[in-house]
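Here is how the chains run, residue by residue.
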Amino acid sequence: PLSFALRRLWILCQFEADSIAYNMPAALQLSGQLDMHLFHQALCTLVQRHASLRTIFIPVDGQPRQRILDHVDVNLQQEDLRHLDPETREQQARQVYIADAGHAFDLKTGPLFLFKLLRLEDDHYLLVYNIHHIVNDGWSQGVINNEVLTLYKALRENRQTPLPLLEIQYYDYAIWHNRLIADNSFGNSSDYWLHKFKDKPNGIQLPTDHP
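Residues numbered from 1 in each chain as written. Predicted model: local features only at pLDDT ≥ 70, side-chain atom pairs only at ≥ 80, totals over all residues. Heavy atoms only, no water.

K.L.:
I would appreciate a short explanation of helix α5 (residues 170-182) in the present structure.
P.N.:
Because the α-helix completes a turn every 3.6 residues, residues three or four places apart line up on one side. End to end, α5 covers 18 Å across 13 residues, agreeing with the expected 18 Å (1.5 Å per residue, within 8%). Buried within α5 we find Ala174, His177 and Leu180. Buried positions in α5, seen along its axis, are confined to an arc of 125 degrees and lie on one side of it. Structural note: α5 exposes Arg179 and Ala182 on the side pointing more than 90 degrees away from its buried face. (Helix = DSSP H or I, 4+ residues; strand = E, 2+ residues; numbered from the N terminus. Expected span 1.5 Å × (residues − 1). Buried < 20%, exposed > 50% of the residue type's maximum accessible area, 1.4 Å probe, protein only. Arc of directions from axis to C-beta.)

Given below as structure tokens:
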């Protein structure tokens, strides 16, 4: 099942299939000696850990249905910029970020993320990533950053991951939320606010002197 918010977002995405309006690009600076293999493994573990990152959206009779894939390949693209002078290196990193931010995701096939690792200096890296908003939000980006670093550190130290197993995934929330809607659990709140604002003006007059 999809929550109401995801269903609405999926519908908006159908108006322009190649739109990048709902992309959520980000960048994370990394310092120190980086083991590329272990860092890639940390990203794979992250994607396997969160079902939302393995989700695609299939239209069935005009309605969206989510499909959670058992496995999604994580392609960590790498680019070495150490040979460039500092100014050119910064410009190139900025261009890579802009290009990846403009990547158009296909909700039907996925994956709905991309990762690229730029090596700026011997011990300085920039992780550029982009995730579609239908499986990501601002709060989740902080979780992603923290968990990637935690997973990588555990791998470097040959330890078991300290992250606890996730007992609840987003689809559990969607089921719960849809049941509340079906049971009219929000009816009292709706009635309250409709009554609260019954005497307020219907609509907001905005100035039209600017496009």
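There is more to say, and it comes next.
K.L.:
Quick question: what am I supposed to make of the pattern of salt bridges here?
P.N.:
As enumerated under the stated definition, the model contains eight salt bridges in all. With a shortest N-O distance of 3.4 Å, Lys108 and Asp106 are connected by a salt bridge. Take Lys108: its relative accessible area is 44%, and that puts it in the partly exposed class. Between Arg159 and Glu157 there is a salt bridge; the shortest N-O distance is 2.6 Å. A relative accessible area of 38% places Arg159 in the partly exposed class. On the accessibility criterion, Glu157 (41% relative accessible area) is partly exposed. Among the charged side chains, a network of salt bridges with common partners joins Asp80, Arg82 and Asp122. (Salt bridge = Lys/Arg side-chain N within 4 Å of Asp/Glu carboxyl O.)

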